[in-house]
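What follows is each chain in one-letter form.
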Amino acid sequence: MSVLNAEARSATTHLAADADEPAPVAVEVHGVHKWYGAHRVLDGIDLTVAAGEVTVVLGPSGSGKSTLLRVINHLEQPTLGHVSLGGEPIGVRWHRGRLRELSERQILTQRGRIGFVFQNFNLFPHLTVLENVAAAPVATGLQRRTEAEQSARELLDRVGLGEKADAYPRQLSGGQQQRVAIARALAQRPGVILFDEPTSALDPELVGEVLAVIKDLAAGGTTLVIVTHEIGFAREVADRVVFMDGGRIVEQGTPAEVLDRPRHPRTQEFLSRVL
Amino acid sequence: MSDALAPAVPLDTASPSDTDPPPAHRNPPVTATAPASGSSQRVVPLRNPGRWITSAVALVLLAQIVHGLATNPFYQWDRFHYWFARPVITDGLVVTLEVTAYSAVLGLLGGVVLALARLSRSPVLRAISWVYIWLFRSVPLIVVLLFLYNFSALYRTLSLGVPFGPSFWHFDESKLATDMMIAVVGLSLNEAAYAAEVVRAGILSVDQGQHEAAAALGLPRRYQFARIVLPQALRAIVPSYVNQLIGLVKGTSLVFYVSLLDLFGSVQSMGSTYPGDIVPLLLVATVWYVILTSVISVVQFYVERHYSRGALRTLPPTPLQRLRAGLTTLIVRIRRETAT
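These figures come from a predicted structure and were not determined experimentally.

**Here's the deal with the overall build of chain B**
Counting its secondary structure elements, chain B contains 15 helices and two strands. Per-residue burial over chain B gives 30% buried out of 340 residues. Restricting the contact set of chain B to residue pairs at least 6 apart, pairs at least 24 apart contribute 68%. If you sum the accessible surface of chain B, you get close to 22000 Å²; carbon and sulfur atoms cover 67% of it.

Below is the structure:
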C-alpha cells in the first residue's frame, strides 16, 4: 500500500515537468439527442468545456453520462446534433449547410486526438504494457517504433509504472492497469481526455493511485471530462461540475455551487444519497 | 452449542476425556499425539488402494491387447513391415499431404473471408455468406467431389466477363481440371464453410471492450482486425480449427473416388491386387494417419501456447519441462524416503 502511494506520489513530480504538452482543446456539445430505438438516452445536451478546463459529470446511473462521453469521441453517433473539438465537428463535416457523415478513416483520425479511459481499462491482454502504450502512435503514423517506445517508457514512468513495461496486463493490479490505460491514452498526445468512471471497477484501496494520476493531469492543464462517483475528488479537481439526470443537464456550476448549494431538487436528492 | 457436540467426542478419544478442558481441545483428537513443533509438518498423502487396483486391472487389459496385436498371425506384421515404406505407399502419402496442405490453407482463407462477410454491415454480403455456409454444410463432401469431377461435362469452357454480356477470359475446362485440382477445390469449398463458422466464433469470443478500445485509440481498421482482434480470436480458433484439420486429413481419403491415388487410394488399389495383404495394408494406412494426426497435435500444443501469451499469468509447461519437473520431484521423494 505504501509502495503504491510512493509510486503515485513520484508520478506527481514527473507530470507537471513535461515541457511539450499538447495544447488543450475546447469541447462543444451542440443540441445532442440520442435514441436507442424508442428509448431516449440523451435529450438535448448543450455543453461547453473550455480548453484546459476540468469538468466532472455527476448523476445517477442511467442518466446518460457515459453515453455523453461516448458521443464526444464518436463511439456513438448522435441521433441529432453534433460535437465539435476546437471548433472542428467530430464524425461529420459541414457541406452546403448540412452535416454529412465522415468516412470511417477520417473518424478514426479524429478519434486519435481524443483520449478515452474506460471503466474496465480494456487493455490489450495479448500485448505487453509497453506494446499497449506504443501501439497507437505507431499504427497511426504519429511516431516511429523506436521513438514511440521511448516516449511510452517516459509515459509509464510518469504514471509510476516504468518497471512494469514488459509485464502483461493480467499480471498487474486493477489500479496499475488503469494507470497503464491512462498512459496509453496520453501516448496519442490528445488535446482532451475523457474518463468513463475510471475508478468504479477498482478495489477501494487502489482508487487513490489512479485519482492521483488524474489529478496531476488536471494540474498539467489538459482538458478533462470525467464521469465519476467520487464526489470528494470532484470537489478537489473540478473547475466545473455538471449534474445530469434523465438524459438532460439539470444543473452546472463550480463545485461549491453544485455540491454545496445545489438549487435543483434532483441534485439535492442525489447528493443527499451519495454523501 | 458446544454441549450438543459432546457425545461424539469420547468415541474418538480413547485417552481419558476427563482431563480434557471441554471447549478448546475438543475437536481434533490428533492434537493429543502431535509433537510440539507440529505447526509446519508435511502432510502424509492419503493412500488410495482402490485407485491402485483399478489401474493394475487396466494395465493387465492393455497388456493383453498389445499381446494379441503382436502375436495374432492374422495381422501379418512381416507384410506390414514390407508395405510400410514402399514407394507406392509413400507416393500416396505425399498426395495426401499435398491435398491436405492446399485445402487447409485455401479453406482457412476462404473461411476468414466468409466469416468477415457474415459479420459485415452489408446485408447482401451477410446473406451470400450465410447461403454458402448453409449449402456446403448440407451437401456431403463426396457429392461435391463427384459433382466437380463431372463438371467439365456440364461446362466445357469457363469464361470471365459481364453476366449475360461479353466475356473477357476463356479457360478450357478439361485442361484446367486435373484430378489434383478437383480434389483441392472440392475439399477447400467444403472446408471453407466449416472454417468460416470456426473463425466467426473466434471473432465473437473477443470482448466488445477490445473493439471499443481499438476504435477509441483511432487504430486503422485493418490494424484493429489483424493486430488486436485476430490474435485474441485465434486462442479460440486454434483448437476448433485443428479439429477441423484432422477431419480434413481423414477426409482426403475420399479423393480416391475422383481417381486420385492418395494414401488410402494406394492402400485400396494394392489391396485389390494382393487380396491376401488387405489387413496389413489397412494397418499401414492406420499407422500413417495416426502419425499425421500426432504431428498436428504436437504443433497444436505449441501454437496454442504461443497464443495464450498474456491470457494466462504463466504459460503451461511443455511436455519436456513437465518430464524434467516430474523426474526432479520423483528423485527428491526417493531421496527423502530412503533417508528416513
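Further notes follow.
**Topic: the interface of chain B and chain A**
Taken together, the 24 residues of chain B in the interface contact 25 residues of chain A. Across the chain B/chain A interface, buried area totals approximately 2100 Å², and carbon plus sulfur atoms make up 57% of it. Seen at the junction of chain B and chain A, the total is two salt bridges. The closest approach of N and O atoms between Arg-221 of chain B and Glu-104 of chain A, which form a salt bridge, is 3.1 Å. For the pair chain B and chain A, the number of links is seven residue pairs in polar contact (both at pLDDT 80 or more). Put simply, the parts of the chain that give the side of chain B that touches chain A at least two residues each are helix H11 (208–216) and helix H12 (221–251) of chain B. Its residues assigned to classes, the side of chain B that touches chain A comprises eleven nonpolar, six polar and seven charged.

**Some points on helix H6 (residues 123–138) of chain B**
All names here are of chain B. Taking 1.5 Å per residue as the helical rise, H6 with its 16 residues ought to reach 22 Å, and the 22 Å between its terminal C-alpha atoms agrees with that figure. Every buried residue of H6 is accounted for by Ser-129, Ile-133 and Phe-136. Along the long axis of H6, the arc covered by the buried residues comes to 80 degrees, so they all point the same way. Projecting away from the buried face of H6 at angles above 90 degrees are the exposed residues Pro-123, Val-124 and Ile-128.

**Details of the packing of aromatic side chains**
This model, assessed by the stated rule, comprises 14 aromatic pairs over all chains. Geometrically, the ring pair formed by Phe-80 of chain B and Phe-84 of chain B is tilted, given 5.4 Å between the ring centres and 35 degrees between the ring planes. With Phe-80 of chain B and Phe-84 of chain B both in helix H4 (residues 77–84) and four residues apart, this pair spans about one turn of that helix. The class for Phe-84 of chain B is partly exposed, based on a relative accessible area of 21%. The ring of Phe-124 of chain A carries Arg-184 of chain A above its face, with NZ or CZ at 4.7 Å from the centroid. Above the plane of the ring of Tyr-82 of chain B lies Arg-79 of chain B, whose end atom (NZ or CZ) is 4.5 Å from the centre.

**Focus: the UniProt feature "domain: ABC transporter" (unreviewed entry) in chain A**
Feature annotation in UniProt assigns "domain: ABC transporter" (unreviewed entry) to the following positions: residues 27–271 of chain A. A distance of 26 Å separates the end C-alpha atoms of residues 27–271 of chain A, which is 38% helix and 28% strand.

**Side note on a nonpolar patch on the surface**
Nonpolar side chains collect at one region of the surface, where Leu-320, Leu-323, Leu-327, Leu-330, Ile-331 and Ile-334 of chain B lie side by side and expose about 590 Å² of accessible area between them. Since its relative accessible area comes to 47%, Leu-327 of chain B is described here as partly exposed.

**Concerning the pattern of salt bridges**
Residue and element names in this part refer to chain A. For the coordinates displayed, the defined rule picks out 18 salt bridges over all chains. Two residues, Glu-88 and Arg-113, come together in a salt bridge whose shortest N-O distance is 3.5 Å. In this pair, Glu-88 sits in strand S5 (residues 88–89) while Arg-113 sits in the loop between helix H3 (104–112) and strand S8 (114–117), placing the two residues 25 residues apart along the sequence. A relative accessible area of 34% places Glu-88 in the partly exposed class.

**Some points on the packing of helix H5 (residues 87–119) of chain B against helix H14 (residues 278–307) of chain B**
Residue and element names in this part refer to chain B. Direction vectors running N to C along H5 and H14 enclose 40 degrees, while the axes themselves pass 12 Å from each other. The angle between H5 and H14 places the two elements in the oblique class. When you trace H5 past H14, the crossing you get is right-handed. Contacts from Ile-89, Leu-93, Thr-96 and Leu-97 of H5 reach H14 at Leu-281, Val-284, Trp-288 and Leu-292.

**Remarks on the sheet that holds strand S2 (residues 39–49) of chain A**
Sheet strands pair via backbone hydrogen bonds, and the direction of the pair is either parallel or antiparallel. With antiparallel pairing, the four strands of this open sheet are ordered in space as S2-S1-S4-S5 (chain A). Two strands lie at the open edges of the sheet, namely S2 and S5 of chain A, each paired on one side alone.

**Notes on the sheet that holds strand S9 (residues 192–196) of chain A**
Residues and elements named next belong to chain A. Read across the open sheet, the six strands follow the order S8-S9-S10-S3-S11-S12; overall the sheet is mixed. Where the open sheet ends on each side, the last strands, each with one partner, are S8 and strand S12 (248–253). For this sheet, the mean inter-axis angle between neighbouring strands, taken without regard to orientation, is 20 degrees. Each of strand S3 (54–58), S9 and strand S10 (223–227) touches helix H7 (residues 204–220); the most contacted strand, S10, lies at about 145 degrees to it.

**Topic: a positive patch on the surface**
All names here are of chain A. Together, Arg-93, Arg-96, Arg-98 and Arg-100 make up a region of like positive charge exposed at the surface. With respect to the helices, strands and loops of the structure, Arg-98 is situated in strand S7 (residues 98–101). Note on Arg-98: relative accessible area 60%, which makes it exposed.

**Notes on the pairing of strand S11 (residues 240–245) of chain A**
Residue and element names in this part refer to chain A. Most of S11 is tucked away: six of the six residues are buried. The pairing of S3 with S11 spans four bridges and is classified as parallel. Residue pairing for S11: Val-57 is matched across the bridge by Val-242. As judged from the five bridges shared by S11 and S12, these two strands associate in the antiparallel manner. Within the sheet, the bridge partner assigned to Val-241 lies in S12 and is Gly-253. Connecting S11 to the antiparallel partner S12 that follows it, the hairpin turn spans two residues, and Gly-246 within it adopts a positive phi of roughly 55 degrees.

**Digging into the confidence of the model for chain B**
Residue and element names in this part refer to chain B. Residues of chain B with pLDDT of at least 70 account for 81%, and the chain-wide mean is 84. Across chain B, H6 holds the top mean pLDDT of 96, while helix H2 (residues 9–12) sits lowest at 43. A low-confidence stretch, residues 1–22 stays under pLDDT 50, and its non-local contacts, those more than four residues away or across chains, total six contacts. Across the whole predicted complex the pTM is 0.76, and at the interface the ipTM reaches 0.87.

**Examining the side chain of Glu-197 of chain B**
Residues and elements named next belong to chain B. Position of Glu-197 among the secondary structure elements: in helix H10 (residues 179–204). Judged by relative accessible area, Glu-197 falls into the buried class, the value being 19%. Sequence-distant contacts of Glu-197, that is, excluding residues within four places in its chain, are made with Arg-118, Ile-133 and Arg-137.

**With respect to the packing of H5 of chain B against H10 of chain B**
Residues and elements named next belong to chain B. As a packed pair, H5 and H10 sit with axes 5 Å apart at the nearest point and diverge in direction by 45 degrees. Between H5 and H10, the angle falls in the class oblique. Between H5 and H10 the crossing geometry is right-handed.

**Section: the nonpolar core**
Nonpolar side chains in soluble globular proteins tend to be buried together. Leu-156, Ile-182, Phe-195, Ile-214 and Leu-224 of chain A are the most contacted members of the largest nonpolar core, which totals 50 residues. Excluding residues that lie within four positions of it along the chain, Ile-214 of chain A makes contacts with Ile-182, Phe-195, Pro-198, Leu-224, Ile-226 and Phe-233 of chain A. The next biggest cluster of nonpolar side chains, apart from the first, holds 47 residues, and it includes Val-249, Val-258, Val-267 and Met-270 of chain B.

About the thresholds
Residues numbered from 1 in each chain as written. Chains lettered and ligands numbered in written order. Predicted model: local features only at pLDDT ≥ 70, side-chain atom pairs only at ≥ 80, totals over all residues. Heavy atoms only, no water. Helix = DSSP H or I, 4+ residues; strand = E, 2+ residues; numbered from the N terminus. Buried < 20%, exposed > 50% of the residue type's maximum accessible area, 1.4 Å probe, protein only. Contact = heavy atoms within 4.5 Å. Areas by Shrake-Rupley, 256 points an atom, 1.4 Å probe, with all protein chains shown as cover. Buried area = accessible area lost by both parts, 1.4 Å probe. Salt bridge = Lys/Arg side-chain N within 4 Å of Asp/Glu carboxyl O. Polar contact = N/O pair within 3.5 Å; in protein donor to acceptor, adjacent residues only side chain to side chain. Nonpolar A, V, L, I, M, F, W, Y, C, P; charged D, E, K, R; others polar. Expected span 1.5 Å × (residues − 1). Arc of directions from axis to C-beta. Phe/Tyr/Trp six-rings, centres within 6.5 Å; stacked < 30°, edge-to-face > 60°. Lys NZ or Arg CZ within 6 Å of the ring centre and 35° of its normal. UniProt positions renumbered as here; feature names shortened; annotations may be inferred. Patch = residues over 30% accessible without salt bridge, like charges linked within 9 Å, V, L, I, M, F, W, Y side chains within 5 Å. Axes fitted to C-alpha atoms, helices over the stretch in contact; angles between N-to-C directions. Parallel < 35°, antiparallel > 145°, perpendicular 65-115°, else oblique. Left-handed = near helix turned anticlockwise from the far one by under 90°. Pairing = 2+ DSSP bridges. Lys, Arg positive; Asp, Glu negative; His and termini not counted. Charge placed at Lys NZ, Arg CZ, Asp CG, Glu CD. pLDDT = per-residue confidence, 0-100. Core = buried A, V, L, I, M, F, W, Y, C linked by side-chain atoms within 4.5 Å.

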